[in-house]
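# Reading the structure
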Amino acid sequence: MSTPTTDPELHFGWFIPTMGDTTAFGDPNARTAPSLELFERVAKSAEAAGFEYALVPVQTECYEAWIACAMVAARTERLTLLVAARPGVIAPTVTAKMISTFDQLSGGRVAINLIAGGSPTEAAADGLFHGHDERYRLMDETVEIMKRVWTEDEPVTYRGEHFTVEGAVVKPRPLQRPHPEFFLGGLSDAAVDVCAKHADVYLFWGDRPEMIAQKIAEARERAAVYGREGELRFGMRLQVIVRDTEAEAWNAADALISGIEDQGWGGAWSDSNAQARMQELVQADDYRLGDHLWSGITKVRPGAGVAVVGNPQQVADTLSEFVDVGCTHFCLSGYPHDDEATRFGRDVMPLMKQRAEAVTTG
């Protein structure tokens, strides 16, 4: 039985928009095209602001995640790259070698965000035709194989539903021991099971704190089945819109989605329970989920579309509600990503660190 982990520290990550950036989805002139210059500028802004890591996504509109991460890692000093990876696209042993090579060459600055995928259209375009639960069984096998080839002394042989491996040896071993951290998410029973079994951080998309509290309780119960209830930590994937005053923040939120119709992402991501939850939340009056929680971004893009909106103290207080229910990790983003990272690091992060220090000192 594992010993519960006590981690009073809060951990903050940012997001590199490899599909491009904007200040107003409805205005083509407000868009910044994807480029290495953009990725580097955002990454360096996040690093300077005090963020520990940066999530790099996978999606049709995005630049390829592994190459983008490698280029950014070479241009930063401390930022860990949280690379989004889809099991099934690359063989588990090859993926393991890519990750361990990245880990060694970057000085231990890589973590893995495993993605099952929620768009059957995107999956089919890549030649993948697994059903929903089957994708998580494939993910389970992928992670099991990777962990084994990173940690076992003898060549690994594995026979599963999706993969057969004979005498696998992966060199180099990861610099981080026993291996880089795994971030996973998802709301389905299959997703919860894989998170409970393998994740270091279970990352939820934005929702009301009381819903997250319920999901954390369920995940802890499931993790106990695998003797990992003390090893699983929890985090939030949220947008942030921080301004000096609350009125300025709400004006910025309105401007972000002004002049654009609902894109109907629920249909395109019909195989994602998490996206289905986003589609429920976007139905709230004026997209308001609470005093400072706003689901309007779901109107214009798929994925994590809930934002914390307000002045610095209001944003810190709202994030603290998630801390109170058990979250220690925050993977954040905001538009434009370089400016919003700077604002958050300057105006909100000190408030969150003061809170964490107060909790630690009792």
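In the block above lies the structure referred to throughout.
The structure reproduced in this document is the subject of the present report. (Residues numbered from 1 in each chain as written. Predicted model: local features only at pLDDT ≥ 70, side-chain atom pairs only at ≥ 80, totals over all residues. Heavy atoms only, no water.)

One way to put it is that helix H3 (residues 92–105) packs onto helix H5 (residues 132–151) with a least axis distance of 9 Å and a crossing angle of 55 degrees. When the axis of H3 is compared with that of H5, the two are oblique. Judged by the twist between their axes, the crossing of H3 over H5 is right-handed. Taken together, the residues of H5 that come into contact with H3 (itself represented by Pro92, Thr93, Thr95, Ala96, Ile99 and Ser100) are Thr142, Ile145, Met146, Val149 and Trp150. (Axes fitted to C-alpha atoms, helices over the stretch in contact; angles between N-to-C directions. Helix = DSSP H or I, 4+ residues; strand = E, 2+ residues; numbered from the N terminus. Parallel < 35°, antiparallel > 145°, perpendicular 65-115°, else oblique. Left-handed = near helix turned anticlockwise from the far one by under 90°. Contact = heavy atoms within 4.5 Å.)

The end-to-end C-alpha separation of H3 is 20 Å, in line with the 20 Å expected for 14 residues at 1.5 Å each. Buried within H3 are the following residues: Pro92, Thr95, Ala96, Ile99, Ser100, Phe102 and Asp103. Angularly, the buried residues of H3 cover 160 degrees about the axis, an arc narrow enough to put them on a single face. Considering only its buried residues, H3 is in contact with helix H2 (65–73), strand E5 (80–85), strand E6 (110–114) and H5. Trailing H3 by a residue or two, glycine 107 shows a phi angle of about 75 degrees, which is positive. (Expected span 1.5 Å × (residues − 1). Buried < 20%, exposed > 50% of the residue type's maximum accessible area, 1.4 Å probe, protein only. Arc of directions from axis to C-beta.)

It is worth spelling out the packing of helix H6 (residues 189–198) against helix H7 (residues 209–225) at this point. As a packed pair, H6 and H7 sit with axes 8 Å apart at the nearest point and diverge in direction by 55 degrees. The angle between the axes of H6 and H7 places the two elements in the oblique class. At the point where H6 passes H7, the crossing takes the right-handed sense. Taking contact as the criterion, the partners of Asp189, Val192, Asp193 and Ala196 in H6 are, on H7, Ala219, Arg222 and Ala223. Counted by class, the contact of H6 with H7 contains 4 nonpolar, no polar and 3 charged residues. (Nonpolar A, V, L, I, M, F, W, Y, C, P; charged D, E, K, R; others polar.)

Core analysis: the biggest nonpolar cluster contains 86 residues, and Phe51, Phe330 and Phe344 have the highest contact counts within it. Among the elements that make up this core, the one with the highest residue count is H5 (8 residues). Aside from chain neighbours lying at most four places away, what touches phenylalanine 51 is Phe12, Gly13, Trp14, Ala46, Leu79, Leu332, Ala341, Phe344 and Met349. Residues Ile241, Trp250, Leu256 and Ala307 belong to the second largest nonpolar core, which totals 14 residues. (Core = buried A, V, L, I, M, F, W, Y, C linked by side-chain atoms within 4.5 Å.)

So, on to the side chain of aspartate 200. Assignment of secondary structure puts aspartate 200 in the loop between H6 and strand E10 (201–205). In this structure aspartate 200 is buried but unpaired, with arginine 233 as the nearest side chain of opposite charge at 4.4 Å. Separated by 2.8 Å, the side chain of aspartate 200 and the backbone nitrogen of phenylalanine 182 make a polar contact. Residues in contact with aspartate 200, not counting those within four places in the same chain, are His179, Pro180, Glu181, Phe182, Arg228, Glu231, Leu232 and Arg233. (Lys, Arg positive; Asp, Glu negative; His and termini not counted. Salt bridge = Lys/Arg side-chain N within 4 Å of Asp/Glu carboxyl O. Polar contact = N/O pair within 3.5 Å; in protein donor to acceptor, adjacent residues only side chain to side chain.)

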